[in-house]
Amino acid sequence: MSTEKDGYMRRALALARQGMNGNAGGPFGAVIVKDGRIVGEGWNRVTSTNDPTAHAEVVAIRDACKALGTFDLAGAEIYASCEPCPMCLAAIYWARIGRIYYGNTRAGAARIGFDDDHIYREFALPMERRAIPMQRLLAAEAEADFAAWMKKDDKVRY
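This text gives an overview of the structure that appears in the document. (Residues numbered from 1 in each chain as written. Predicted model: local features only at pLDDT ≥ 70, side-chain atom pairs only at ≥ 80, totals over all residues. Heavy atoms only, no water.)

1. Some remarks on unusual backbone geometry
What counts, and what does not: Put simply, DSSP H or I for four residues or longer makes a helix, DSSP E for two residues or longer makes a strand, and each gets a number counted from the N terminus. Here's how the labels work: a residue is buried when its accessible area is under 20% of the maximum for its type, exposed when over 50%, partly exposed in between, all with a 1.4 Å probe on protein chains only.
Positive phi, close to 65 degrees, is recorded for Arg-96, a residue that is not glycine. Tracing the backbone shows Arg-96 in the loop between helix H4 (86-95) and strand S4 (99-104). Relative accessible area serves as the criterion here: at 36%, Arg-96 is assigned to the partly exposed category. For Leu-138, which is not a glycine, the phi torsion comes out positive at approximately 50 degrees. Within the secondary structure, Leu-138 sits in the loop between helix H6 (116-124) and helix H7 (139-151).

Structure, rendered in structure tokens:
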């Protein structure tokens, strides 16, 4: 028996096919649902926009936030054609989306040439062992900006 959730996932899968067949990017699609309706959609647009952050989930989050006029998607769910990569997973957390449904796994993505697992492994390493070196600069100046933020009366928390 088909459920409403299946319908949302089928839409994410259709977006993945649409983007892939249109040569917009890889075979990835996503929809965001809130209060029983789709409020955002996206498909991978990395190669067509020359934007490495234009993953389906990020595009769908941007679409939903624009449609709803908010940066907070608490109470929403995301349906993604594949288990989110680390960047997309972080964006989902930042958007406060409450639940993730996915079709393909990151292991499956690796089998077709999308090795998200490499980034998952990098995050687990101590900074000094990661492939991309990191170095802190101008700490005192940077900390002054944080202190100014703490004193700012009209800040919008997120």
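2. Quick notes on the pairing of strand S3 (residues 77-82)
Which entries qualify depends on this criterion: Being paired, for any two strands, means DSSP has found at least two bridges between them. Orient the strands so they point away from the viewer; a crossover is then right-handed if the path from the first strand over the helix to the second runs clockwise.
The buried fraction of S3 is high, at 5 of 6 residues. For strand S1 (residues 29-34) and S3, the ladder comprises 4 bridges, and the chain directions are antiparallel. Its bridge partner being in S3, Ala-30 is matched across the sheet by Ala-80. In this structure, S3 lies alongside S4, joined through 5 bridges in parallel fashion. Looking across to S4, one finds that Ile-78 is bridged to Ile-100. Assessed by its sense of winding, the connection that carries the chain from S3 through H4 to S4 is right-handed.

3. Structural notes on the nonpolar core
Quick reminder of the rule: Only buried Ala, Val, Leu, Ile, Met, Phe, Trp, Tyr and Cys residues count toward a nonpolar core, and they belong to the same one when joined by side-chain atoms within 4.5 Å. Between two residues, a contact is recorded if the distance between any of their heavy atoms is within 4.5 Å.
Counting residues in hydrophobic clusters, the biggest one holds 18 residues, and the most contacted among them are Ala-30, Ile-32, Ile-61, Leu-73, Ile-78 and Ile-97. Those elements that provide at least two residues to this core are S1, helix H3 (56-68), S3 and H4. For this core, the element with the most residues is H3, which contributes 5 residues. Residues within four places of Ile-97 in sequence aside, it is in contact with Ile-32, Ile-61, Leu-73, Ala-76, Glu-77, Ile-78 and Ile-92. Judged by nonpolar contacts, the second largest core, of 10 residues, contains Leu-15, Val-31, Val-33 and Tyr-79.

4. Some words on the pairing of strand S2 (residues 37-43)
Looking at chain direction, S1 and S2 are connected through 6 bridges and run antiparallel. Across the sheet, the residue bridging to Ala-30 is Gly-42, located in S2.

5. What about the packing of aromatic side chains?
The condition is simple: Between the rings of Phe, Tyr and Trp (Trp by its six-membered ring), a pair exists once the centres lie within 6.5 Å; its type follows the angle of the planes, with under 30 degrees stacked, over 60 edge-to-face, and the other angles tilted. Charge-over-ring contacts are defined here by two conditions on Lys NZ or Arg CZ: a distance within 6 Å of the ring centre and an angle within 35 degrees of the ring normal.
Here the structure, examined in full by the defined rule, presents 4 aromatic pairs. Where Phe-28 meets Phe-114, the ring centres are 4.9 Å apart and the plane angle is 90 degrees; that geometry is what we call edge-to-face. Of the two residues, Phe-28 sits in the loop between helix H1 (4-21) and S1 while Phe-114 sits in the loop between helix H5 (106-111) and H6, which places them 86 residues apart along the sequence. Using a relative accessible area of 14% as the deciding quantity, one classes Phe-28 as buried. The partly exposed category is assigned to Phe-114, whose relative accessible area is 30%. Ring pairs connect the aromatic residues Tyr-8, Tyr-79 and Tyr-101, which therefore count as one cluster. Positioned above the aromatic ring of Trp-149 is the side chain of Lys-155, whose terminal nitrogen or guanidinium carbon lies 5.5 Å from the ring centre.

Purely spatial values, then, with no claim about function.
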